[in-house]
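Okay, here's what each chain looks like letter by letter:
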Amino acid sequence: MPIDKFQTLISRAVPLPIENVDTDQIIPARFLKAIERKGFGDNLFRDWRYDSVNNPVKDFVLNNVTYEGKILVAGENFGSGSSREHAAWALYDYGFRVVVSSFFADIFKNNALNNGLLPVQINAEFLSEILKVIENNPMAEFKADLLEQQFTILESGSSIQFDINPYKKECLLKGYDDIDFLLSLRTKIQAFEEQE
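Residues numbered from 1 in each chain as written. Predicted model: local features only at pLDDT ≥ 70, side-chain atom pairs only at ≥ 80, totals over all residues. Heavy atoms only, no water.

Draft legend 1. Just the sheet that holds strand β4 (residues 98–101), in detail. Spatial strand order, β2-β3-β4-β5: four strands in an open sheet with parallel pairing. Every other strand in the sheet has two partners, leaving β2 (13–16) and β5 (118–121) as the edge strands with one partner each. Along the sheet, successive strands turn relative to each other by an average axial angle of 20°, direction set aside. As judged from the four bridges shared by β4 and β5, these two strands associate in the parallel manner. Within β5, the residue paired with Ser101 across the bridge is Gln121. Lying over the sheet, helix α5 (residues 124–136) contacts β2, β3 (71–74) and β4, oriented at roughly 120° with respect to β3. (Pairing = 2+ DSSP bridges. Helix = DSSP H or I, 4+ residues; strand = E, 2+ residues; numbered from the N terminus. Axes fitted to C-alpha atoms, helices over the stretch in contact; angles between N-to-C directions. Contact = heavy atoms within 4.5 Å.)

If you want it as structure tokens, here you go:
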């Protein structure tokens with residue numbers, strides 16, 4: 001499944017201010033049988049979204065029509081636990097393109113970047129500010145600017161810089177995974193080989 005190019009995103013946001021969300025909560029293990037990246041969004045946060053007889057849990061944020069958008073604003077330590085890449089697949093397949101948190105597990109962060117999902121790590125104070133804005137105005141929009149590495153609350157203009165690995169930044173900007181990146185260098189590799 002191709003990855004969308006990412007440069008700038010302006011969107012509303014979905015608040016999930018829960019700390020220590022692990023990959024099994026993002027996508028439960030019983031849904032990991034498929035090997036393609038599509039269809040996982042249906043089971044994103046499955047055990048929080050649906051009860052034991054598959055009825056939507058009314059109070060869960062993804063079932064609340066008040067909130068929508070391509071940005072998920074999570075609590076601290078998002079993506080901990082097992083290294084399953086399917087967690088990033090599920091978030092991307094559901095429609096999220098950015099996840100904001102004050103801390104990401106390293107493996108989740110790398111899996112997200114490898115699959116077209118931008119993890120924006122910011123300090124706890126700015127995260128709290130974002131969550132308050134969403135609480136006060138669910139229609140509020142935010143801007144994730146990958147080129148400038150900046151996340152902005154549009155209604156106030158308040159913004160913060162975020163870090164990203166330069167190689168992964170280039171891949172996201174071009175819509176590349178690691179293999180696409182290597183294929184993009186084919187001409188240079190051939191020219192180098194011909195020098196010998």
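From this point, the narrative continues.
Draft legend 2. Inspection of the side chain of Lys169 at higher detail. Of note, Lys169 is situated in helix α6 (residues 166–174). Buried and without a salt bridge, Lys169 has Asp145 as its closest oppositely charged side chain, separated by 7.4 Å. Every residue in contact with Lys169, bar those within four places of it in the chain, is listed here: Leu146, Leu147, Gln149 and Ile164. (Buried < 20%, exposed > 50% of the residue type's maximum accessible area, 1.4 Å probe, protein only. Lys, Arg positive; Asp, Glu negative; His and termini not counted. Salt bridge = Lys/Arg side-chain N within 4 Å of Asp/Glu carboxyl O.)

Draft legend 3. Region of interest: the packing of helix α3 (residues 86–94) against helix α4 (residues 106–114). Packing of α3 against α4 brings their axes to within 8 Å, and their N-to-C directions diverge by 50°. The angle between α3 and α4 falls in the class oblique. Crossing handedness for the pair α3 and α4: right-handed. Here Ala87, Ala88 and Leu91 of α3 come into contact with α4, specifically with Phe108, Asn111 and Ala112. (Parallel < 35°, antiparallel > 145°, perpendicular 65-115°, else oblique. Left-handed = near helix turned anticlockwise from the far one by under 90°.)

Draft legend 4. Main features of the environment of Val98. In this structure, Val98 sits in strand β4. In contact with Val98, other than residues within four places in its own chain, are Phe6, Leu9, Lys70, Ile71, Leu72, Leu117, Leu118, Val120 and Ala144.

Draft legend 5. Broad picture of the sheet that holds strand β7 (residues 150–153). Spatial ordering of the open sheet is given by β1-β6-β7-β8, a layout of four strands whose pairing is antiparallel. Edge strands, defined here as strands with exactly one partner in the open sheet, are β1 (8–11) and β8 (159–161). Averaged over all pairs of adjacent strands, the angle between strand axes in this sheet comes to 10°, irrespective of strand direction. For strand β6 (residues 142–145) and β7, the ladder comprises four bridges, and the chain directions are antiparallel. Looking at β7, one finds that Asp145 is bridged to Gln150. In the packing of α5 onto the sheet, the strands contacted are β6, β7 and β8, and the crossing angle to β7 comes to about 35°.

Draft legend 6. Local environment of the packing of aromatic side chains. Within this structure, the stated rule accounts for nine aromatic pairs. When the ring of Phe45 is compared with that of Trp48, the centres are 5.6 Å apart and the planes differ by 5°; the resulting orientation is stacked. Judged by its relative accessible area of 23%, Trp48 is partly exposed. The ring of Tyr50 carries Arg46 above its face, with NZ or CZ at 4.3 Å from the centroid. (Phe/Tyr/Trp six-rings, centres within 6.5 Å; stacked < 30°, edge-to-face > 60°. Lys NZ or Arg CZ within 6 Å of the ring centre and 35° of its normal.)

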